[in-house]
Amino acid sequence: MITFENIDVVYPNGFKGLSNVNLQINKGEFVAIVGLSGAGKSTLIRTVNGLVPFTSGTLTVGDVVVDPRSKAKLRRLRSRVGMIFQSFNLVTRVSVLNNVLVGRSAETPTWRSLLGWYRAEDKELAFQSLERVGIVDKAYMRAASLSGGQQQRVAIARVLAQDPEVILADEPVASLDPPTAHKVMRDLRRIQQELGITTIVNMHHLDLARSYADRVIGMRAGEVVFDGPVEEATDEV
Ligand code: ADP
Ligand code: ADP
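These numbers were taken from a predicted model, which means no experiment stands behind them. Numbering of residues starts from 1 in each chain and follows the order in which that chain's sequence is written. Naming scheme: in the order in which they are written, chains are lettered from A and ligands are numbered from 1. Only residues with pLDDT of at least 70 get local features here, since the model is predicted, and only at 80 or more are side-chain atom pairs given and counted; chain-wide, interface and lining totals rely on the full set of residues. Water and hydrogen atoms were dropped before computing side-chain values, which therefore reflect all heavy atoms in the structure.

Peer 1: Would you mind going over the overall build of the protein with me for this structure?
Peer 2: Here a strand is any run of E in DSSP of at least two residues, a helix any run of H or I of at least four, and the numbering for each starts at the N terminus. Of regular secondary structure, the protein possesses 8 helices and 10 strands. Its C-alpha atoms put the protein at 45 × 40 × 30 Å along the principal axes. The buried share among the 237 residues of the protein stands at 51%. The contacts in the protein between residues at least 6 apart in sequence include a share of 69% that link residues at least 24 apart. Counting every atom, the protein has about 11,200 Å² of accessible surface; 50% of that belongs to carbon and sulfur. Looking at charge distribution, the protein has the averaged site of its 28 positive side-chain charges lying 8 Å from that of its 26 negative ones. Burial classes follow relative accessibility: with a 1.4 Å probe on protein chains only, a residue under 20% of its type's maximum area counts as buried, one over 50% as exposed, and anything between as partly exposed. Residues are treated as being in contact if the distance between any of their heavy atoms lies within 4.5 Å. Here the Shrake-Rupley method, with its probe set to 1.4 Å, supplies the accessible areas, and only the displayed protein chains count as covering residues. This count recognises Lys and Arg as positive and Asp and Glu as negative, with His and chain-terminal groups excluded. Where a charge sits is defined by one atom per residue type, namely NZ (Lys), CZ (Arg), CG (Asp) or CD (Glu).

Below is the structure:
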């Protein structure tokens, strides 16, 4: 599903964000990327949807051979890969439903989305997505009025409305309290199991990975230092 072959990322200031990363992530897998702050987790996940351009190697996502210089390929890539962030990245002054409909924007002409005119089937999909994360009753509330955990669920629903093949989550629970963090991780795990979406989640703590992931990738200084089933991961990864 996702293949990294000898991937390097050199940032414009010359800093090496990734060094010779080789990985194969299978369809439907739930992978946790674990490492200290600055280890390169974000860089790794962001190369998958082209947010960070890799500088050498070959990256394949589904049937797309990623070329960071090709706008058309990046569009195709991003329509299949949904992204969730630590800070939720919602438009907090509009409704939950409108935030989720952003997930349909690739399917909607810009003038229609600016006017808030979405097709009935897009709205239907948005409601289904909200239902899947248990907040359909919040559809008409302003996103700003929701708790952190609820806002992250809106972000998950927005990604689901996109009907993705891959979900990338960059420290999705790092700003949530532990019980809420577990609930959001449980949602991501359930969605991966129900829909078979390949899911890659960055996190600081192996504990969370142990409870929810199939596989752990450990990173340090831009390199993969561990890659194996979650049962084999030790605190050194
Ligand atoms: P993590 O997600 O594990 O905390 P990151 O991938 O965010 O790690 O960062 C890895 C390293 O790359 C850090 O040292 C960070 O400062 C550096 N880095 C990240 N983005 C840039 C950038 N745009 N330019 C230069 N260095 C960067
Ligand atoms: P996080 O800890 O969530 O990975 P950071 O605070 O490390 O976020 O980075 C926030 C933003 O700043 C990111 O877009 C990252 O690429 C960029 N960045 C991080 N380190 C550097 C750096 N040394 N030089 C330039 N940009 C950086």
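Peer 1: When you look at the packing of helix α6 (residues 148-161) against helix α7 (residues 178-195) in this model, what are you seeing that I'm missing?
Peer 2: Helix-helix packing is characterised by the crossing angle of the two axes and by the distance between the axes. Where α6 meets α7, the axes come as close as 10 Å, and the angle between the chain directions of the two elements is 20°. When the axis of α6 is compared with that of α7, the two are roughly parallel. For α6 against α7, the interelement crossing comes out right-handed. Counted together, Gly149, Gln152, Arg153, Ile156 and Leu160 of α6 and Thr180, Lys183, Val184, Asp187, Leu188, Ile191 and Leu195 of α7 form the full contact between these two elements. Residues of the contact of α6 with α7, tallied by class, amount to 6 nonpolar, 3 polar and 3 charged. In this description, a line fitted to the C-alpha atoms serves as the axis of each element, helices being fitted only across the stretch in contact, and the angle between N-to-C directions of two axes falls anywhere from 0 to 180 degrees. What sets the label is the angle itself: under 35 degrees gives roughly parallel, over 145 gives roughly antiparallel, 65 to 115 gives roughly perpendicular, and the rest give oblique. Left-handed describes a crossing whose near helix is turned anticlockwise from the far helix through less than a right angle; right-handed describes the clockwise counterpart. The nonpolar class holds Ala, Val, Leu, Ile, Met, Phe, Trp, Tyr, Cys and Pro. Asp, Glu, Lys and Arg form the charged class, and all remaining residues, Gly among them, are polar.

Peer 1: How should I be thinking about the sheet that holds strand β9 (residues 215-220) in this particular structure?
Peer 2: Two modes of strand pairing occur in sheets, parallel and antiparallel, and in both the strands are linked by backbone hydrogen bonds. Taken in spatial order, the 6 strands make up an open sheet running β6-β7-β8-β3-β9-β10, and their pairing is mixed. Because the sheet does not close on itself, it has two edges, and the strands there are β6 (81-85) and β10 (223-229). Going across the sheet, the axis of each strand differs from the next one's by a mean of 15°, ignoring polarity. Pairing between two strands requires that DSSP report at least two bridges joining them. Taken together, the 5 bridges between β6 and strand β7 (residues 166-170) define a ladder with parallel strand orientation. In the sheet register, phenylalanine 85 faces β7, and the bridge partner there is aspartate 170.

Peer 1: Just checking my understanding: could you explain the environment of valine 237 for this structure?
Peer 2: One can find valine 237 in the segment after β10. You can call valine 237 buried: its relative accessible area is 17%. Between the C-alpha atom of valine 237 and that of arginine 78, which follows or precedes it by 159 residues, the distance is 30 Å. If we ignore the near neighbours within four places in the chain, the residues touching valine 237 are Leu206, Val216, Gly218 and Phe226.

Peer 1: So what exactly am I meant to see when it comes to the nonpolar core here?
Peer 2: Ranked by size, the top nonpolar core spans 47 residues in total, and within it Val100, Leu130, Ile156, Met185, Met203 and Val216 carry the most contacts. It is α6 that provides the largest number of residues to this core, a total of 7 residues. With sequence-adjacent residues up to four places away left out, leucine 130 is seen in contact with Val96, Leu97, Val100, Ile135, Val136, Ala139 and Ala157. Counting residues in each nonpolar core, the second largest holds 29 residues, with Leu44, Val61, Leu74 and Val81 among its members. Working definition of a nonpolar core: buried Ala, Val, Leu, Ile, Met, Phe, Trp, Tyr and Cys residues. They are joined through side-chain atoms within 4.5 Å.

Peer 1: When you look at a nonpolar patch on the surface in this model, what are you seeing that I'm missing?
Peer 2: Among the surface-exposed residues, Trp111, Leu115 and Trp117 lie close enough to one another that they form a single nonpolar patch of about 370 Å² accessible area. In this structure, tryptophan 117 sits in the loop between α4 (110-115) and α5 (120-132). Accessibility expressed as a relative area gives 45% for tryptophan 117, which makes it partly exposed. The patches described consist of residues with a relative accessible area above 30% and no salt bridge, like charges being joined within 9 Å and nonpolar side chains (Val, Leu, Ile, Met, Phe, Trp, Tyr) within 5 Å. What counts as a salt bridge is simple: a side-chain nitrogen of Lys or Arg found within 4 Å of a carboxyl oxygen of Asp or Glu.

Peer 1: Sorry if this is basic, but what is going on with the site of ligand 1 here?
Peer 2: Being near a molecule or strand, for a residue, comes down to having at least one heavy atom within 4 Å of it. The environment of ligand 1 is made up of Tyr11, Asn13, Phe15, Leu36, Ser37, Gly38, Ala39, Gly40, Lys41, Ser42 and Thr43. What qualifies as a polar contact is a pair of N or O atoms within 3.5 Å, subject to a donor-acceptor requirement within protein and to the restriction that residues adjacent in sequence count only when both atoms come from side chains. One nitrogen or oxygen atom from the side chain of tyrosine 11 is found 3.4 Å from a nitrogen atom belonging to ligand 1. In this structure, serine 42 approaches ligand 1 through a main-chain N or O atom, which is 2.8 Å from an oxygen atom. Burial of ligand 1 by the protein amounts to 64% of the accessible area it has alone, namely 560 Å². Of the residues belonging to the shell around ligand 1, the class tally is 4 nonpolar, 6 polar and 1 charged.

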